[in-house]
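# Observations on the three-dimensional arrangement
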There are 2 protein chains.
Amino acid sequence: MTVISKIARMARWQPGARERLQATALQLFADHGFEQTTVAQIAHAAELTERTFFRHFADKREVLFAGQEDFLDLFTDPIDEAPAGTPAYELIRRSLDGAGGFFPDERRPFARVRASIIGTEPALQERELAKLAALKVRLGELFRERAIEEPAATLAAEAGVTIFHLSFQQWIAEGEQRSMSEIARERLDAMAALVSA
Amino acid sequence: MTVISKIARMARWQPGARERLQATALQLFADHGFEQTTVAQIAHAAELTERTFFRHFADKREVLFAGQEDFLDLFTDPIDEAPAGTPAYELIRRSLDGAGGFFPDERRPFARVRASIIGTEPALQERELAKLAALKVRLGELFRERAIEEPAATLAAEAGVTIFHLSFQQWIAEGEQRSMSEIARERLDAMAALVSA
DNA sequence: GCGAGTGATGTCATTAACTGACATCACCAA
DNA sequence: TTGGTGATGTCAGTTAATGACATCACTCGC
C-alpha cells in the first residue's frame, strides 16, 4: 500500500490543493515556459483536475498572482493606523516600511524565479501592471479619504507604487543583499531629494 | 448585379479590411458587450473571416488598441525635437502639447464609446495599462538618453503618463468642452504647483 | 450513532480564442 | 506572358474557460 493511498483512506482529498497548484505551476513554468505549459499538465502534476485548477484561479495567469487581498492590506494597514493629518509623504514611508516585512530574504529566490517567468511573457506583465494599478487605486482612495486633494492624491499614490516597484526590482536584482525595507527607504529618500531640489 | 459584385470584379478584396474590422468591432462591442461578441461575429459583419481578423490583430482585445506606434510617436516626436539640456518638466510639457493634436474634438464621441467599452471589461483595462506602461518605458528611455538620472527619469516618465491619463479621462468626461491640450496644460500646472509648494 | 446537509472535488460537454498549413487569385513587374 | 507577391479563404487542431451535474468524506444536530 502506498503512502498516498494510506492518506487517501484518511481524507477525501489531499489538503493544500491551492498551494500545490501554485508550486507545481511555478515549477513547470520555470522549466518549460508559461505558454508551453498547459493547465491540464499543471493539474495532473498536482494530482488534481483541470476543473479544480479553475475553481482556485480565475485564469491560468492568476496562479502566479493569487493573494492580492493580503498584498493590498500590507500597504494599507500602516496607513489606516497613522494619525489623521499625517502628510502624504509620511504615509508612503510607513506604507513601504510595513510592506517590506512581506519580503523577507527567504522569499528572494522564489521572487526571482517568479519574476523571470513574468519577464518572458507579455501576458503576465499585463497582469502584474493590473495588480500594481489596483494598489495605486486603493492608495489614492485612502489619500482622498484623508482630505488630500486631487491631483495630489493620485500623484502620491503613483509615486508610492513606483517607488515600491523600483525597489522590488532592485531587491531581486543579481547580487543585491539589502532588505526590501532598506532599499525602499533609499529610493524614497532619492525621490524626496528630487522634489525638494 | 450588386454594387459589391461590381467592385469584386475590379478588385480581389474590398480595401480597408483592417479599418472595417475596427469599426465593426466597436459597434458590436458597444451594442452587445465585449465578452458577448465573438470574433466570428465581427469578421462576418465585416464580410471577412475569423482568420483574417487574427492576421490584422494579435488578439481580440487588440482591435481596440491598434496604432500603438503612431500613438507613441505622438509623444516622443516633440521630445526628439527639443534642444539638448531641456529640463524634464519642459519635455513633458512639449510632449503633452504635441500629443494633444491627436485628440481633436471630432474624436471625442468615438473616444467616449471606446472608453465606456473598456471601462466595463477588466481584460481591456489590463491592455490599456500595458499600452500606457509602454509609453512610460519609452519616455523613461528618452529622458535617460538626455542624461536625466534615475530615479528622476522614471518618475518624470511616470508623472507625464499620469498627467496624460488624468487629462484624457477629463477630456471624455460628460459635458467637458475644453480641448485636450488645454486640460493637459491645466493638469500639468497643478502638478507643478504641488511640487513647488 | 445516524441522516441531512456542506464543501471540495471529479466528470462531461461545450464554446470560443487562437494557430499552423496550405490553397486561391487579382495584381504587378520583368 | 508568365511568374512572383500579398491579402484573403479554408480547414483542422489545440487549449483556455465555463456550466451542469455527480460523488463522497466530513460534520452537526438529534
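Residues numbered from 1 in each chain as written. Chains lettered and ligands numbered in written order. Predicted model: local features only at pLDDT ≥ 70, side-chain atom pairs only at ≥ 80, totals over all residues. Heavy atoms only, no water.

### Section: the packing of aromatic side chains
For the coordinates displayed, the defined rule picks out 24 aromatic pairs over all chains. Ring centres of Phe102 of chain A and Phe103 of chain A lie 5.5 Å apart, and the angle between their planes is 85°; on these two criteria the pair is classed as edge-to-face. When its relative accessible area of 28% is taken as the criterion, Phe102 of chain A is described as partly exposed. The class for Phe103 of chain A is buried, based on a relative accessible area of 10%. Their ring planes at 80° and their centres at 5.3 Å tell us that Phe53 of chain B and Phe54 of chain B sit as a pair that is edge-to-face. Residue Phe53 of chain B is classed as buried on the basis of its relative accessible area of 0%. The rings of Phe71, Phe75, Phe102, Phe103, Phe164, Phe168 and Trp171 of chain A are connected pair by pair, giving a single aromatic cluster. Looking at Arg107 of chain A, its charged tip hangs above the ring of Phe102 of chain A, at a distance of 4.5 Å from the centre. (Phe/Tyr/Trp six-rings, centres within 6.5 Å; stacked < 30°, edge-to-face > 60°. Buried < 20%, exposed > 50% of the residue type's maximum accessible area, 1.4 Å probe, protein only. Lys NZ or Arg CZ within 6 Å of the ring centre and 35° of its normal.)

### Considerations on the interface of chain A and chain B
Across the boundary between the two partners, chain A contributes 17 residues, which contact 17 residues of chain B. Where chain A abuts chain B, roughly 1,700 Å² becomes buried across the two surfaces, and 73% of that area is made up of carbon and sulfur atoms. Counting every contact that joins chain A to chain B gives four salt bridges. Glu126 of chain B is the salt-bridge partner of Arg61 of chain A, the closest N and O atoms lying 2.9 Å from each other. Counting residues per element, the ones that place at least two in the side of chain A that touches chain B are α8 (122-145), α9 (152-171) and α10 (180-196) of chain A. It is α9 of chain A that contributes the most residues to the side of chain A that touches chain B, six residues altogether. In the side of chain A that touches chain B, the residues fall into eleven nonpolar, two polar and four charged. (Contact = heavy atoms within 4.5 Å. Buried area = accessible area lost by both parts, 1.4 Å probe. Salt bridge = Lys/Arg side-chain N within 4 Å of Asp/Glu carboxyl O. Helix = DSSP H or I, 4+ residues; strand = E, 2+ residues; numbered from the N terminus. Nonpolar A, V, L, I, M, F, W, Y, C, P; charged D, E, K, R; others polar.)

### Observations regarding the environment of Asp97 of chain B
Residues and elements named next belong to chain B. Its place among the elements puts Asp97 in helix α6 (residues 88-100). According to the relative accessible area criterion, Asp97 is partly exposed, its value standing at 33%. Along the chain, Asp97 and Phe75 lie 22 residues apart, while their C-alpha atoms are 8.6 Å from each other. Excluding residues within four positions of it along the chain, Asp97 makes contact with Ser181 and Arg185. A distance of 2.9 Å separates a polar atom in the side chain of Asp97 from a polar atom in the side chain of Arg185. (Polar contact = N/O pair within 3.5 Å; in protein donor to acceptor, adjacent residues only side chain to side chain.)

### What to know about the domain arrangement of chain A
All names here are of chain A. Under the domain assignment, chain A is made up of domain 1 (3-63) and domain 2 (67-196). Between domain 1 and domain 2, the C-alpha centre-to-centre distance is 30 Å. If you look at the interface, domain 1 gives eight residues, while domain 2 gives ten residues. Carbon and sulfur atoms supply 60% of the area that domain 1 and domain 2 bury against each other, a total of about 860 Å² over both sides. Considering only the side of domain 1, the residues that lose the most area to domain 2 are Leu26, Phe34 and Arg61, jointly responsible for 63% of the buried surface there. The interface formed by domain 1 and domain 2 holds three salt bridges in total. (Domains from an automatic or database assignment.)

### Points about the packing of helix α5 (residues 68-81) of chain A against α8 of chain A
Packed helices, taken two at a time, are described by their axes: the angle between them and the distance between them. All names here are of chain A. Put simply, α5 and α8 touch, their axes get as near as 10 Å, and they point 25° apart. When the axis of α5 is compared with that of α8, the two are roughly parallel. You can see that α5 and α8 cross each other, and the crossing is right-handed. Contact with α5, carried on its side by Gln68, Glu69, Phe71, Leu72, Asp73, Phe75, Thr76, Ile79 and Asp80, involves Lys131, Ala134, Leu135, Arg138, Leu139, Leu142 and Phe143 of α8 and no other residues of that element. Along the lines of polarity and charge, the residues of the contact of α5 with α8 split into nine nonpolar, two polar and five charged. (Axes fitted to C-alpha atoms, helices over the stretch in contact; angles between N-to-C directions. Parallel < 35°, antiparallel > 145°, perpendicular 65-115°, else oblique. Left-handed = near helix turned anticlockwise from the far one by under 90°.)

### Some details on a negative patch on the surface
Residues and elements named next belong to chain A. On the surface, a cluster of negative charge is contributed by Asp77, Asp80, Glu81, Glu141 and Glu145. Secondary-structure elements contributing two or more residues to the negative patch are α5 and α8. Counting residues per element, the negative patch draws most heavily on α5, which supplies three residues. With respect to the secondary-structure elements, Glu81 resides in helix α5. (Patch = residues over 30% accessible without salt bridge, like charges linked within 9 Å, V, L, I, M, F, W, Y side chains within 5 Å. Areas by Shrake-Rupley, 256 points an atom, 1.4 Å probe, with all protein chains shown as cover. Lys, Arg positive; Asp, Glu negative; His and termini not counted. Charge placed at Lys NZ, Arg CZ, Asp CG, Glu CD.)

### Comments concerning helix α6 (residues 88-100) of chain A
All names here are of chain A. For α6, built from 13 residues, the straight-helix expectation of 18 Å at 1.5 Å per residue is met to within 8% by its first-to-last C-alpha distance of 18 Å. Within α6 the residues assigned to the buried category are Ala88, Glu90, Leu91, Ile92, Ser95, Leu96, Ala99 and Gly100. Its buried side turned inward, α6 meets α5, α8, α9 and α10. (Expected span 1.5 Å × (residues − 1).)

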